[in-house]
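In case you want the letters, here they are:
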Amino acid sequence: MAIDLNRFIATFFDEAQEHLESIEEKAMSLASGRHDPELLNSIFRAAHSIKGGSGTFGFTQLAEATHEMETLFDQLRKGQRLADASTVRLLLDACDVFKGHLARLKGGDRSTDPAMDGVRERVARYRESAGAAAAAIAPVPAAASAPAHESFFAAGPAEDAEFGVFDAGLLSPEPVRAPAAAAIAEKFGFFEAVGADAPPSGRDNGRARGVEQSSIRVSTEKIDRIVNLVGELVIAQAMMQQAAGRFATQQDEHLNHSLSALDRHTRDLQQAVMSIRMMPMEFVFSRFPRLVYDVSTRLEKKVELRTHGHETELDKEMIELLIDPLTHVVRNAIDHGIEPPAERRAAGKPESGTVSMRATHRGGSVIIEVSDDGRGLDRYRLLAKARDLAMPCDDAWSDAEVFALIFEAGFSTAKEVTDLSGRGVGMDVVRRNIASLGGSVSITSTPGQGTTITIQLPLTLAVLDGMVVSVGDEQYIVPLEFVAEAIKPDANDVKTVANQASLVQVRGEHLPLIRLSDVVALPDADPARAELCLVVEVDNRRAALLIEGLLGQQQLVVKSLDTHLHAVPGTAGATILGDGRVALILDVNSIVRTNVARARMAA
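Sequence order as written defines residue numbering, which begins from 1 separately in each chain. Totals for whole chains, interfaces and linings use every residue, but because this is a predicted model, local features are given only for residues with pLDDT of at least 70 and side-chain atom pairs only at 80 or more, for both listing and counting. Think of the side-chain values as coming from all heavy atoms in the structure, minus any hydrogens and water.

1. Details of the nonpolar core
Here comes step 1: In this text, buried Ala, Val, Leu, Ile, Met, Phe, Trp, Tyr and Cys residues form a nonpolar core when linked through side-chain atoms within 4.5 Å. When a residue's accessible area, from a 1.4 Å probe over protein chains only, is under 20% of the maximum for its type it is buried; when over 50% it is exposed; and in between it is partly exposed. With 47 residues, the main nonpolar core has Met281, Leu326, Ile368 and Leu457 as its most contacted residues.
Here comes step 2: Helix numbers and strand numbers start at the N terminus; a helix is a DSSP run of H or I with at least 4 residues, a strand a run of E with at least 2. When residues of this core are assigned to their parent elements, the largest contribution, nine residues, is made by helix H11 (residues 316–337).
Here comes step 3: Grouped together as the second largest cluster of nonpolar side chains are 42 residues, Phe13, Leu92, Ala94 and Tyr126 included.

2. What about the environment of Asp587?
Here comes step 1: Looking at the element boundaries, Asp587 is found in the loop between strand E22 (582–586) and helix H17 (588–602).
Here comes step 2: The exposure class assigned to Asp587 is buried, which follows from its relative accessible area of 17%.
Here comes step 3: Put simply, Asp587 and Gly570 are 17 residues apart on the chain and 4.9 Å apart in space, counted from C-alpha to C-alpha.
Here comes step 4: Should any heavy atoms of two residues lie within 4.5 Å, those residues are considered in contact. Asp587 has contacts with Gly570, Thr571 and Ala572, leaving out every residue within four places of it along the chain.

3. Topic: the pattern of salt bridges
Here comes step 1: Salt bridge, as used here: a side-chain nitrogen of Lys or Arg that lies within 4 Å of a carboxyl oxygen of Asp or Glu. For the structure shown, the criterion picks out 37 salt bridges.
Here comes step 2: When the shortest N-O distance is used, the salt bridge between Asp294 and Arg89 registers 3.3 Å. On the criterion of sequence distance, the pair formed by Asp294 in helix H10 (residues 288–298) and Arg89 in helix H4 (residues 85–106) is long-range, its members being 205 residues apart.
Here comes step 3: Accessibility expressed as a relative area gives 18% for Asp294, which makes it buried.
Here comes step 4: The salt bridge involving Arg507 is made with Glu485; its shortest N-O contact spans 2.3 Å. In this pair, Arg507 sits in the loop between strand E16 (503–506) and strand E17 (509–515) while Glu485 sits in strand E14 (residues 483–487), placing the two residues 22 residues apart along the sequence.
Here comes step 5: Members of the salt-bridge network, linked through shared partners, are Glu24, Arg89, Asp93, Asp96, Lys99, Arg122, Arg290 and Asp294.

4. Observations concerning the sheet that holds strand E18 (residues 532–538)
Across a sheet, paired strands are connected by hydrogen bonds in the backbone, their directions being either parallel or antiparallel.
Here comes step 1: Think of it this way: DSSP has to see at least two bridges between two strands before they count as a pair. Pairing is mixed across the open sheet formed by six strands, whose spatial order is E14-E18-E19-E17-E16-E15. The open sheet has two free edges, formed respectively by E14 and strand E15 (494–495), since each of these has just one partner strand.
Here comes step 2: In this structure, E17 lies alongside strand E19 (residues 541–547), joined through three bridges in parallel fashion. Bridge pairing in E19 places Leu513 opposite Ala544.

5. Some remarks on the sheet that holds strand E11 (residues 450–458)
Here comes step 1: Taken together, five strands build an open sheet; the order of strands is E6-E8-E9-E11-E10 and the sheet is mixed. Two strands bound the open sheet, and with one partner strand each, they are strand E6 (303–308) and strand E10 (440–446). Taking each pair of neighbouring strands and ignoring which way they run, the sheet shows an average axis angle of 15°.
Here comes step 2: The pairing of strand E9 (residues 365–372) with E11 spans eight bridges and is classified as antiparallel. Helix axes use the C-alpha atoms of the stretch in contact, all axes being lines fitted to C-alpha atoms, and the angles between their N-to-C directions lie in the range 0 to 180 degrees.

6. Some details on empty space enclosed by the protein
Here comes step 1: Any residue with an atom within 4 Å of a point lines the site, the site being either a cavity, points on a 1 Å grid over the protein atoms alone where a 1.4 Å probe fits but cannot get out, or a pocket, an open set with protein on both sides within 12 Å along at least 5 of 7 lines. Grid points are joined across faces, edges and corners, and a volume is the space filled by probe spheres set on the points. All chains considered together, the criterion is met by four cavities of 30 Å³ or more.
Here comes step 2: The volume enclosed by the second largest cavity comes to roughly 50 Å³.
Here comes step 3: Along the wall of the second largest cavity there are ten residues; nearest its centre are Arg34, His35, Leu40, Leu82 and Ala83.
Here comes step 4: Only Asp, Glu, Lys and Arg are considered charged in this grouping, and only Ala, Val, Leu, Ile, Met, Phe, Trp, Tyr, Cys and Pro are considered nonpolar; every other residue, Gly among them, is considered polar. Tallied by class, the residues present in the lining of the second largest cavity amount to five nonpolar, two polar and three charged.

See the structure below:
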């Protein structure tokens, strides 16, 4: 039987990336200078796996560079020299170059990469030198400027110390025959997990625990296709259920039983399919030890990263989109929150600060908290800065309202602009990105003790639990995660002040009143019919959304509008109801922020 190894290239890229992340994570533990054979062995094995796959596919530069890294760690684990901070810096720089080179290869560029030659020579010099200072002799060329998108399979042999020389014909359209391919596959990294340090793919160390496990890599496009089809099935089932209810009688027990079974199995199928897209937060947390190490080193601070809730699961798409805003938050915590060692000693704190990341499930949401034990926020300084920038503010504001100023565009308390902060765009980007995911962000802080940023996100972007509300003849969806309660206020509870927004009193608290009929601007809406209020909360801000009718709570399949329409203010997508009607999903984030800001301006 013929086996074409070309189809394994995508798997190689994925696993090479995972091995590099594993090397980065473990490398930062080497700075202590103590001899840890198991740690050195695990890095050695990761480098060896990348080298083996590179040689198999003819990626010569990557194979040669990882061979040098493998040789260095063989030297270290034999005790011929000790790892130190310069070793860590060398490894992290090398991993950056390797990642850039992998991106070139993935894009089809097989041309010579000067950055790879530079890092291979740098590792070789470091390995051969008598002292660690030799690591800084040659700067590593930037990998980002390399060209891309040329011929994917360029001819040329690849030499590997263990795998020998592989002919370029291995990558030709002619598949490799089974005996030769099997001999290669027997040693190849992504057919066999590499001990206890293998990334979470393939076998996942099932045999080491006495439990046989297996997995299969499937493209996200295939999974997304199944998710969409199941979503359509859920909609069709709901429509059939509603249609059957119009003519079926309660006495038709067989029909009712069949419909109930269909509903149950459809929901089970939907949950099973959605679980395929779920990934543990470990995939997010694993990115941050390197970030904390780099930023704290540059700022000459001592920072320890602690993570909790690795097993908490979130939709894969959410995982990918969460990296950027969390990067801003963690960088800000180190830059603005954690004090320098001397300042911490003067305040009676340990020299090393702590940044904690925690993920938990709460109802149908994931809560992510990023905390630091730094200097905290100064409300008076924030108010003074807001006045300097001519931003609306008031001394009577609560701490939550004052702290929320850091999320405003252009707001920054940095005394000077650096490559890390000072331009007033970081936290604004965080709020905007989190809002685009259907989530919210809030902040709490205690001066001298630290700050906590709390992010609330839905489990997935494909399905949501929502309240179906009506205005005029139209129906809209309010995501349930933003709804605190539903009330029917008395006429005396609503206060309208000239030139200002209306307020409604809810148990002694006066909340801005947002009329949904004004938001959607329906010509046939009758304000007199609006009697109910949904109390919604966004970023620690509460408001009352005035509606005409509350039709119930449903789990709904989200349909994006982006591919068919331009951005529609106040909407976060659409869904199809059981009667076949299309209902818009309200963007509660933007609606509340816009109306609260308008109320402040009027005040």
